[in-house]
Amino acid sequence: MNGKDMYALAGRLYPINRSLTGNGVRESLRILKEYIPELQIHEVPTGTKAFDWEIPDEWEINDGYVENSGGGQKSLISKTTTYILWDTPRLLTAMFPGRSY
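The following refers to the structure shown. (Residues numbered from 1 in each chain as written. Predicted model: local features only at pLDDT ≥ 70, side-chain atom pairs only at ≥ 80, totals over all residues. Heavy atoms only, no water.)

Some points on the pattern of salt bridges
This model, assessed by the stated rule, comprises four salt bridges. Across the pair Glu34 and Arg12 runs a salt bridge, and its minimum N-O distance is 2.8 Å. In this pair, Glu34 sits in helix α2 (residues 23-35) while Arg12 sits in helix α1 (residues 3-13), placing the two residues 22 residues apart along the sequence. According to the relative accessible area criterion, Arg12 is partly exposed, its value standing at 35%. Arg26 is the partner of Glu43 in a salt bridge, and the nearest nitrogen-oxygen pair spans 2.7 Å. Of this pair, Glu43 sits in the loop between α2 and β1 (49-50) while Arg26 sits in helix α2, and the two are 17 residues apart along the sequence. (Salt bridge = Lys/Arg side-chain N within 4 Å of Asp/Glu carboxyl O. Helix = DSSP H or I, 4+ residues; strand = E, 2+ residues; numbered from the N terminus. Buried < 20%, exposed > 50% of the residue type's maximum accessible area, 1.4 Å probe, protein only.)

Printed below as a string of structure tokens:
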């Protein structure tokens, strides 16, 4: 694969709305399989134990926004590839020990 092909692949993958699970991941893996035919894709059901983790419920977000104090909204999901943190309190607690959220 040359640089031009890699750039084209990135252009196909970048706009896909992905999370840990869901249709975006499936679509991304299907595209990668075009380039890596021997890639094996396995589905693991929600609730399956994986080492010290459990496979989470599958969810998908199609739109979201941030609202400022004046009530104005800025779309995040439908126009960009912004990531949404589903466990923000735990993340903030890890980043700023001693505070509660």
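Back to the write-up after that little detour.
What about unusual backbone geometry?
Here Phe51, not a glycine, exhibits a phi torsion of approximately 60°, which is positive. Relative to the assigned elements, Phe51 resides in the loop between β1 and β2 (53-54). Among the residues examined, Phe51 registers a relative accessible area of 88% and is labelled exposed.

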